[in-house]
Amino acid sequence: MADAPWAELREKFQAALALSRVELHKNPEKEPYKSKYRARALLEEVKALLGPAPEDEDDRPQAEDSLASGDHTLALPAELVEAEGPIAQGAVRRAVIEFHLGVNHIDTEELSAGEEHLVKCLRLLRKYRMSQDCVSLYIQAQNNLGILWSEREEIESAQAYLESSEALYNQYMKEIGSPPLDPTEHFLSEEEKLAEQERSKRFEKVYTHNLYYLAQVYQHMEMFEKAAHYCHSTLKRQLEHNAYHPMEWAINAATLSQFYINKQCFMEARHCLSAANVIFGQTGKISTMEDGQHRRA
């Protein structure tokens, strides 16, 4: 790719990310999604500049591409295929754009279009999903599809996507373990790439979100023991990574204590209540905390 087009791609992509982060209340009252639509237009421009996938592979429907048609590959272990060479790298960059277009459409309440883009992202990455370049993006796309199906009250479909994300994270950490690239790095120069510590922080945050969403799904399915386990894991990881809102964390911990009380696990309940009290004391004292449970990791 020539220097000028690559510089243009990077500039447009970074501008789209900045617009995507604009809070809705900062848009005109009658145009709450104005910044989202501007971001979408830029992402579409980047997609056009990247060009179509070879032989339009990303547009060919496959039986396993979405749960609506039955995805039997979600639970299968992934094989390591590195995303090497211009064709693979092009596919990964297209997948990044499809992911952000998917999130953008979901943010503007266009769920069907959002699903379509996220499924395209997964299709482009499927054979590379265990690679350091792609595993974080793949998990994030599946997490967002899990949320989407949960909002549609299709809880079993949500469960399948989220459990697939969890399995992929565990397999990657067991077999590879090195911090993977953050999806935004595919549109950064080598000099701008993230340090390994920052990559690890972002990847662990993605996994924490995955556990949080699984806790909600298991709660909906009345799998209360499992929901409590995942809620506890989420709270623990949020503390470890200093990634929580004090009020939200304290409420979740206090809610978890009620489960333990009902199970007559009084020591665990007391521990949760004590922790909730300590964290609640931080409310109003901490001005800058990482966002809690948002759609994007």
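Above this note sits the structure.
Here the structure is a predicted model, which is why all the values come from computation and not from measurement. (Residues numbered from 1 in each chain as written. Predicted model: local features only at pLDDT ≥ 70, side-chain atom pairs only at ≥ 80, totals over all residues. Heavy atoms only, no water.)

Draft legend 1. How the structure looks around helix α10 (residues 266-280). Here α10 spans 21 Å end to end across 15 residues, near enough to the 21 Å set by a 1.5 Å rise per residue. Turning to α10, its buried residues number three or more, namely A269, C272, A276 and I279. Down the axis, α10 shows its buried residues gathered within 100° of arc, on one side only. Away from its buried face, by an angle of more than 90 degrees, α10 presents the exposed residues F266, M267, R270, H271, N277 and V278. (Helix = DSSP H or I, 4+ residues; strand = E, 2+ residues; numbered from the N terminus. Expected span 1.5 Å × (residues − 1). Buried < 20%, exposed > 50% of the residue type's maximum accessible area, 1.4 Å probe, protein only. Arc of directions from axis to C-beta.)

Draft legend 2. Representation of the pattern of salt bridges within the structure. Evaluated as defined, the whole model comprises 14 salt bridges. Between K47 and E98 there is a salt bridge, with the nearest N and O atoms lying 2.8 Å from each other. On the criterion of sequence distance, the pair formed by K47 in helix α2 (residues 34-50) and E98 in helix α3 (residues 85-107) is long-range, its members being 51 residues apart. Residue class for K47 comes out partly exposed when judged on its relative accessible area of 23%. One salt bridge in this structure joins K236 and E240, with 2.6 Å as the shortest N-O distance. Here E240 and K236 lie together in helix α8 (residues 224-240), a separation of 4 residues that amounts to about one turn. Exposure remark for K236: the relative accessible area of 46% places this residue in the partly exposed category. Taken together, the shared-partner salt bridges in this structure form one network comprising E8, K12 and E45. (Salt bridge = Lys/Arg side-chain N within 4 Å of Asp/Glu carboxyl O.)

Draft legend 3. Representation of unusual backbone geometry. We note that E109 has phi near 65°; this positive angle belongs to a residue other than glycine. By the secondary structure assignment, E109 is in the loop between α3 and α4 (111-125). Residues other than glycine seldom take positive phi values, yet N242 does so here, at roughly 55°. Summarising the element assignment, N242 is placed in the loop between α8 and α9 (246-262).

Draft legend 4. Structural view of empty space enclosed by the protein. Counted by the stated rule, this structure contains 2 cavities of 30 Å³ or more. As a volume, the second largest cavity reaches approximately 30 Å³. Of all the elements, α9 adds the most residues to the lining of the second largest cavity, at 3 residues. Broken down by class, the residue content of the lining of the second largest cavity amounts to 2 nonpolar, 3 polar and 1 charged. (1 Å grid on protein atoms, 1.4 Å probe; cavity = no way out; pocket = protein on both sides within 12 Å on 5 of 7 lines; lining within 4 Å. Points joined across faces, edges and corners; volume = space filled by probe spheres on them. Nonpolar A, V, L, I, M, F, W, Y, C, P; charged D, E, K, R; others polar.)

Draft legend 5. Representation of the side chain of R237 in the model. Summarising the element assignment, R237 is placed in helix α8. At a separation of 2.9 Å, a polar atom in the side chain of R237 contacts the side chain of T208. Non-local contacts of R237, meaning those with residues more than four positions away in its chain, are made with Y169, E204, Y207, T208 and L211. (Polar contact = N/O pair within 3.5 Å; in protein donor to acceptor, adjacent residues only side chain to side chain. Contact = heavy atoms within 4.5 Å.)

Draft legend 6. Focus on the nonpolar core. Formed by 76 residues in total, the largest nonpolar core has its most connected members in I97, L125 and F187. Apart from the residues within four sequence positions on either side, L125 is in contact with V92, A95, C134, L137 and Y138. (Core = buried A, V, L, I, M, F, W, Y, C linked by side-chain atoms within 4.5 Å.)

Draft legend 7. Spatial organisation of α3. Over its 23 residues, α3 extends 33 Å from the first C-alpha to the last, a length consistent with the 33 Å expected when each residue adds 1.5 Å. Among the 23 residues in α3, 18 count as buried, and that is most of the element. Just past α3, the residue E109 takes up positive phi, approximately 65°.

Draft legend 8. Structural view of the packing of α4 against helix α5 (residues 135-151). The contact between α4 and α5 brings their axes to 10 Å, and the two run at 150°. Taken together, the axes of α4 and α5 lie roughly antiparallel to each other. When the axes of α4 and α5 are compared, the crossing they make is left-handed. Contact residues: α4 offers L111, E115, L118, V119, C121, L122 and L125, while α5 offers L137, Y138, A141, Q142, N144, L145, L148, W149 and E151. Residues of the contact of α4 with α5, tallied by class, amount to 12 nonpolar, 2 polar and 2 charged. (Axes fitted to C-alpha atoms, helices over the stretch in contact; angles between N-to-C directions. Parallel < 35°, antiparallel > 145°, perpendicular 65-115°, else oblique. Left-handed = near helix turned anticlockwise from the far one by under 90°.)

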